[in-house]
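Structural features, examined
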Amino acid sequence: MRIESADTVVTSPGRNFVTLRLVTADGITGLGDATLNGRELAVASYLSDHVAPLLIGRDARNIEDTWQYLYRGAYWRRGPVTMAAIAAVDTALWDIKAKAAGMPLYQLLGGASRRGALAYGHASGRDIPELLDSVRAHLDDGYRAIRVQTGIPGLGSVYGVAASGAGSGDRYDYEPARRTAGGPSLPVEETWDTRAYLRHVPSVFEAVREEFGPELPLLHDGHHRMTPIQAAKLGKSLEPYDLFWLEDATPGEDQAALRLIRQHTTTPLAIGEVFNSVHDYTTLLSERLIDYVRSAITHTGGVTAMKKLLDLAAVYGIRSGMHGPTDISPVGMAAALHVDLAVHNFGIQEYMRHSADTLEVFRTSYTFEEGLLRPSENPGLGVELDTDAAARFPYEPAYLPVNRLTDGTVHDW
């Protein structure tokens, strides 16, 4: 089962995606997601110029060997560009193997461990009344767990709040890389005030709990904006509202910061969406400094690497909470769902519905019912790429916003 072609497809049906398409000599096609939000062309070049030539003629069945060949053979290891490229190859090979076997991917990973994957949605609003309306809308859509984000009094656009301006004055959905209307595509700059944020957030969760009761799982994302002691203070202040997790409280590079946060709060902690290797987690797992692993298959070396990471996390009683906003393509989302269904230590899955244009390019078959996501029973991942539709949506430069403190200093987000 030799690989005959390896093509990199860049398309922008509302936002940019990078997809690797492998085809074997006997005509089986496999897809892998290599999207790296705001740096898509770097991964596309890495794949097309450096990885694809190495794949032609290789046996598509030898997934572990190919993974090690690409990771160890390049000398330069890890990093988001390298690991997104390896993830695309790995996921495409699993897609091919499962199609050849005539079964959905999760069956090759050990079969189903649950009926479906509990998914959380993103409720947000510029103020509390708008937020409460957003929570109601998500509950009406079938979500059984909700992430809560709001605007901050005195600040304008706030990253993660859907009703904030997009730079052009338009509303935008959560977390897209934004395009600047009428000029060069430069990052939008937002002003941030951590003290105002810390004062406001507890009152937000008090209002949500008062409206929706104690049973609804609630999550919150700190977007790496706090120092360790600020994060500890927030976690402590949110304990009465029983969060499912507090995510990305501090910058991910400083793993020792999680020790200090753990000393001060029992609020569960999640981190890892900007990580790209199991090596980013070893201290966090062995010292039980987090409760949920937030990496995406797309950015962490593919199905092979994610399964190993979650198996290691399971040793320490730590669960999965894979990254899954709309900058993960439907290919990456489908791969996550197969792993979600198979692993024992599943926790929760982030889920945002993709746009109609995106679903025209990527033909999906996974389902969302009664708050649960489930991959299809189709062989492989259960996602197909319409290359003609992809060609109708050319790449457009776009970037995530840059945060500045009120004194003008560039800040984490």
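It should be emphasised that the depicted structure is a prediction, and the values quoted were computed from it without experimental measurement.

Overview of the sheet that holds strand β18 (residues 410-411)
Strands sit in the order β6-β17-β18 across an open sheet of 3 strands; the sheet is mixed. The sheet terminates laterally at β6 (189-192) and β18, the two strands that pair on one side only. Here 2 bridges tie strand β17 (residues 402-405) to β18, and the two strands are oriented antiparallel to one another. The residue bridging Arg 404 from the neighbouring strand is Val 410, located in β18.

Here's the deal with unusual backbone geometry
Of note, the phi angle at Arg 288 is positive, near 55°, even though the residue is not glycine. For Arg 288, the position within the fold is in the loop between α9 (282-286) and β10 (292-293). By relative accessible area, Arg 288 is classed as partly exposed at 45%. A positive phi angle, close to 50°, is found at Glu 370, a residue other than glycine. Following the sequence through the fold, Glu 370 ends up in the loop between β14 (367-369) and β15 (372-374).

So, the packing of helix α1 (residues 40-55) against helix α2 (residues 63-73)
Relative to each other, α1 and α2 sit at 145°, their axes nearing to 12 Å. Here the hand of the crossing between α1 and α2 comes out right-handed. Along the contact surface, α1 presents Val 51, Leu 54 and Leu 55, while α2 presents Thr 66, Tyr 69 and Leu 70.

A look at the sheet that holds strand β3 (residues 29-33)
Within the open sheet, the 3 strands sit side by side as β1-β2-β3. Their pairing is antiparallel. Looking along the sheet, the strands with just one partner apiece sit at the ends: β1 (3-11) and β3. Going across the sheet, the axis of each strand differs from the next one's by a mean of 20°, ignoring polarity. Here strand β2 (residues 17-24) runs beside β3; their pairing, made up of 5 bridges, is antiparallel. Looking at β3, one finds that Thr 19 is bridged to Asp 33. Contacting β1 and β2, α1 crosses the sheet at an angle of about 175° to β1.

Quick notes on helix α11 (residues 330-342)
Over its 13 residues, α11 runs 19 Å from end to end, which matches the ideal 18 Å to within 8%, given 1.5 Å per residue. Most of α11 is tucked away, with 13 of its 13 residues classed as buried.

Here we look at the nonpolar core
Most often, soluble globular proteins have nonpolar side chains that are buried together. By size, the foremost hydrophobic cluster in this structure holds 119 residues, and its most contacted members are Leu 22, Leu 47, Ile 290, Val 293 and Val 339. The element best represented in this core is helix α3 (residues 80-101), accounting for 11 residues. Residue-level mapping places this core at the junction of two domains, with at least three residues from each of domain 1 (2-108) and domain 2 (109-377).

Brief notes about the environment of Asp 357
Inspection of the secondary structure assignment puts Asp 357 in helix α12 (residues 356-361). Considered as a pair, Asp 357 and Ala 390 are 33 residues apart in the sequence and their alpha carbons are 9.4 Å apart. Apart from the residues within four sequence positions on either side, Asp 357 is in contact with Pro 13 and Phe 393.

Thoughts on the confidence of the model for the chain
This prediction gives the chain a mean pLDDT of 93; 95% of its residues lie at or above 70. In the predicted structure, residues 164-174 sits below a pLDDT of 50 and forms 40 contacts with residues beyond four places in sequence or in another chain.

Topic: the environment of Ala 232
Mapping Ala 232 onto the fold places it in helix α7 (residues 228-238). Overall, Ala 232 belongs to the buried group, its relative accessible area being 2%. Those residues within four positions of Ala 232 in sequence are excluded, and the remaining contacts are Leu 260, Ile 261, His 264 and Thr 265.

Observations regarding the domain arrangement of the chain
Parsing the chain into structural domains produces domain 1 (2-108) and domain 2 (109-377). Distance from the C-alpha centre of domain 1 to the C-alpha centre of domain 2: 26 Å. Contacts between domain 1 and domain 2 engage 35 residues on the former and 43 residues on the latter. Each partner contributes to the roughly 2,900 Å² buried at the junction of domain 1 and domain 2, and carbon and sulfur atoms together form 55% of this total. If you sort the residues of domain 1 by the area they bury against domain 2, Arg 15, Asp 33 and Tyr 106 come out on top, with a joint share of 26%. Summed over the shared surface of domain 1 and domain 2, the number is 2 salt bridges. Of the charged contacts, one joins Glu 64 and Lys 308 as a salt bridge, the two residues approaching to 2.8 Å between their closest N and O atoms. Seen at the junction of domain 1 and domain 2, the total is 24 residue pairs in polar contact (both at pLDDT 80 or more). For the side of domain 1 that touches domain 2, the element with the highest residue contribution is α3, accounting for 8 residues.

Criteria and thresholds
Residues numbered from 1 in each chain as written. Predicted model: local features only at pLDDT ≥ 70, side-chain atom pairs only at ≥ 80, totals over all residues. Heavy atoms only, no water. Pairing = 2+ DSSP bridges. Helix = DSSP H or I, 4+ residues; strand = E, 2+ residues; numbered from the N terminus. Buried < 20%, exposed > 50% of the residue type's maximum accessible area, 1.4 Å probe, protein only. Axes fitted to C-alpha atoms, helices over the stretch in contact; angles between N-to-C directions. Left-handed = near helix turned anticlockwise from the far one by under 90°. Contact = heavy atoms within 4.5 Å. Expected span 1.5 Å × (residues − 1). Core = buried A, V, L, I, M, F, W, Y, C linked by side-chain atoms within 4.5 Å. Domains from an automatic or database assignment. pLDDT = per-residue confidence, 0-100. Buried area = accessible area lost by both parts, 1.4 Å probe. Salt bridge = Lys/Arg side-chain N within 4 Å of Asp/Glu carboxyl O. Polar contact = N/O pair within 3.5 Å; in protein donor to acceptor, adjacent residues only side chain to side chain.

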